[in-house]
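# Structural features, examined
Read off the chains here:
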Amino acid sequence: YSGKTGNQLLGEHIQKLPVKDYKSVPVVCREETSVYDAICTMFLEDVGTLYVVQEGGLLVGVVSRKDLLKSSMGNQDLQTIPVGVIMSRMPNIVTCRAEDSLFDAATKLIRNQVDSLPVVREAESGTGMEVVGRITKTTITRAFVELGEGASNV
Ligand code: ADP
C-alpha cells in the first residue's frame, strides 16, 4: 500500500493527462481576413477564438470574441478592417505543446486569463510555430467531467 491519500492519487492522475489526448481542431484565419468574415467564421465553426496563421499554418496571432466586439463598436465597415490590425500578436501568444500535460495548459489558461491556447509544434521550415490544435476552457471542463464519471465506474 502506497499510503497516498485519494487527493494525492487524483492529483497525480490529473498531472498525467496529456494535451494530445484532449486537444481539438484549431479554427484559423489569415491576417487579411476582415473582421466581418472572422465574426462569420466564429459563428459557423462555433468557436470563441480564431488563430491567425500565415502560409504553412504558422501562428501569427489570436483573435477573440471581445477583440471583434471592440473593433465593431461604432464601426460601420467591418468588411474593410483586417484581423491583422486588431489581433493579439506573436511573440505575446501563450501556447502549449501536444506533449504537455493538460494540467499545465489549464494553469496557463488561468494565469494568463485567456479562454484558449493554441497547441503548437516547431515548424518544419525551422522558423516559427505551426498550429496543430487548441485547448479551451471547455476542454478542461470535459476532462473534469470525465474524471468525475470515472469515480462511478469502479
Ligand atoms: P475574450 O476576449 O473574448 O474574453 P480571451 O479572454 O481568450 O477572450 O481573450 C482576452 C484577450 O487575450 C484578447 O485580446 C485575446 O486576443 C488575447 N488572447 C486570447 N488567447 C490568447 C493566448 N493564448 N495568448 C495570448 N493572448 C491571448
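The structure presented is a predicted model; accordingly, all values stated were derived computationally and were not measured.

### Observations regarding the pairing of strand 5 (residues 116–122)
On a regular strand, one side chain projects to one face of the sheet and the next to the other, so that they alternate. Burial of strand 5 is extensive: five of the seven residues sit out of reach of the surface. In this structure, strand 5 lies alongside strand 6 (residues 129–136), joined through seven bridges in antiparallel fashion. Bridge assignment links Glu-122 to a residue of strand 6, and that residue is Met-129. Hairpin connection of strand 5 to strand 6: six residues between the antiparallel strands, including Gly-126 at a positive phi of 95°.

### Side note on the site of the ligand
Taken together, 15 residues lie near the ligand, and Ser-64, Arg-65, Lys-66, Ser-88 and Asp-115 sit nearest. Every element with two or more residues in the shell around the ligand is listed here: strand 3 (58–64), helix 4 (65–72) and strand 5. Per-class residue counts for the shell around the ligand are six nonpolar, five polar and four charged.

### Points about unusual backbone geometry
For the peptide bond that leads from Met-90 to Pro-91, omega is 5°, which places it in the cis range. At Asp-46, a residue that is not glycine, the phi angle is positive and equals roughly 55°. Among the secondary structure elements, Asp-46 is positioned in the loop between helix 3 (35–45) and strand 2 (49–54). With phi around 50°, Gln-113 is a residue other than glycine that occupies positive phi space.

Reading the values: the criteria
- Numbers given to residues run from 1 along each chain, matching the order in which its sequence is written.
- Selection of residues for local features in this predicted model requires a pLDDT of at least 70, selection of side-chain atom pairs for listing and counting requires 80 or more, and totals for whole chains, interfaces and linings are taken over all residues.
- For every residue, the other C-beta atoms within 10 Å of its own C-beta are counted; 20 or more classify it as buried, 12 or fewer as exposed, and values in between as partly exposed. C-beta atoms are placed from the backbone.
- Only runs of H or I of at least four residues qualify as helices and only runs of E of at least two qualify as strands under DSSP, and these elements are numbered from the N terminus.
- For two strands to be treated as a pair, DSSP must find no fewer than two bridges joining them.
- By definition, a residue lies near a molecule or strand provided its backbone-derived C-beta atom is within 6 Å of it.
- When residue character is reported, Ala, Val, Leu, Ile, Met, Phe, Trp, Tyr, Cys and Pro are called nonpolar, Asp, Glu, Lys and Arg charged, and the others, Gly included, polar.

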